[in-house]
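Structural description and commentary
What follows is each chain in one-letter form.
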Amino acid sequence: MNKLFITLSIMMGIVVLSSNYLVQFPINYFGLNEILTYGAFSYPIAFLITDLANRSYGKLLARQIVYLGFLIGIIFTLLFSTDFADLISVRIAIGSGVAFITAQLLDIQIFDRLRKKEWFVAPLTSSLIGSTVDTFLFFSISFYATGVPWVTLSLGDLAVKILVAIIMLIPFRMLLKTIKPIKV
């Protein structure tokens, strides 16, 4: 395995850990505490990592990076941000795992099918669809019937994730110059 593969896998694990931790904290400014958590700002980076891996290595190795990043992220989450005495914390860990693996694998498939189109179509489309699936799976598993306003939080987080996905096109485009796309 080369350094980029290892680096992307570790970065994926760090994004999962930070997002799982940050989603526990609503933004308490400007009345956003009912619609937005800090996790919405970090999680879209996972789609950037997946899309760069997919462009560079193809879907098979991108999946391996997702699996390795998932494993690292879950281990970090269980060790550092899961309070097993708190049911919501446990549900966040479970919701994160289910949502992450589902959304990332979906992202890989969509990106792969669209990779031959204009440079921005595959990462934007796969990230938007993946973010939507991830958001609703995560929030419903983690917070349904807990008293947490999960529907409004999911809508607020999704809005930020869409904005960040669009902004992530800038580093994606810049990094395209440094990685060699696979020939398909």
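A brief report on the enclosed structure follows. This structure is a prediction, so every number in the text was calculated from the model and none was measured.

1. Digging into the packing of aromatic side chains
Scanning the model with the defined rule gives nine aromatic pairs in all. Each ring, one from W119 and one from F120, has its centre 5.7 Å from the other, and the planes form 80°; the classification is edge-to-face. Judged by relative accessible area, W119 falls into the partly exposed class, the value being 25%. An angle of 85° between the planes, with centres 5.1 Å apart, marks the rings of F138 and F139 as edge-to-face. Judged by relative accessible area, which is 7%, F138 ranks as buried. Of the aromatic side chains, those joined through ring pairs into one cluster are Y43, F47, F70 and F100.

2. Describing a nonpolar patch on the surface
Residues Y21, F25, Y29, F30, Y38 and F41 make up a contiguous nonpolar surface patch of about 710 Å² in total accessible area. The exposure class assigned to F41 is partly exposed, which follows from its relative accessible area of 41%.

3. Concerning empty space enclosed by the protein
By the definition in use, this model includes three cavities of 30 Å³ or more. By volume, the largest cavity is sized at about 140 Å³. In terms of lining residues, the largest cavity is bounded by 15 residues, among which S19, N20, Y43, D134 and F138 are the most central. Going through the elements one at a time, α1 (3–22), α2 (39–42), α5 (87–114), α6 (121–143) and α7 (150–167) are the ones with two or more residues in the lining of the largest cavity. Across the lining of the largest cavity, the residue classes tally to eight nonpolar, four polar and three charged. One number sums up the size of the second largest cavity: a volume of about 60 Å³. Taken together, P44, F47, L48, D51, P123, L124, S127, A165, M168, L169 and F172 make up the full set of residues lining the second largest cavity. Breaking the lining of the second largest cavity down by element, the ones donating at least two residues are α3 (44–57), α6 and α8 (169–176). Of the residues in the lining of the second largest cavity, the class split is nine nonpolar, one polar and one charged.

4. Notes on the environment of G13
Within the fold, G13 resides in helix α1. The exposure class assigned to G13 is buried, which follows from its relative accessible area of 0%. With 19 residues separating them along the chain, G13 and L32 place their C-alpha atoms 28 Å apart. Those residues in contact with G13 that lie beyond four places of it in its chain are G69, I72, G73 and F76.

5. Focus on the pattern of salt bridges
Here the idea is simple: oppositely charged side chains can pair when their charged atoms come close. Here the structure, examined in full by the defined rule, presents three salt bridges. D112 is the partner of R115 in a salt bridge, and the nearest nitrogen-oxygen pair spans 3.1 Å. Exposure remark for D112: the relative accessible area of 21% places this residue in the partly exposed category. Three or more residues are tied together by salt bridges with common partners; here these are K59, D112 and R115.

About the cut-offs
Residues numbered from 1 in each chain as written. Predicted model: local features only at pLDDT ≥ 70, side-chain atom pairs only at ≥ 80, totals over all residues. Heavy atoms only, no water. Phe/Tyr/Trp six-rings, centres within 6.5 Å; stacked < 30°, edge-to-face > 60°. Buried < 20%, exposed > 50% of the residue type's maximum accessible area, 1.4 Å probe, protein only. Patch = residues over 30% accessible without salt bridge, like charges linked within 9 Å, V, L, I, M, F, W, Y side chains within 5 Å. Areas by Shrake-Rupley, 256 points an atom, 1.4 Å probe, with all protein chains shown as cover. Salt bridge = Lys/Arg side-chain N within 4 Å of Asp/Glu carboxyl O. 1 Å grid on protein atoms, 1.4 Å probe; cavity = no way out; pocket = protein on both sides within 12 Å on 5 of 7 lines; lining within 4 Å. Points joined across faces, edges and corners; volume = space filled by probe spheres on them. Helix = DSSP H or I, 4+ residues; strand = E, 2+ residues; numbered from the N terminus. Nonpolar A, V, L, I, M, F, W, Y, C, P; charged D, E, K, R; others polar. Contact = heavy atoms within 4.5 Å.

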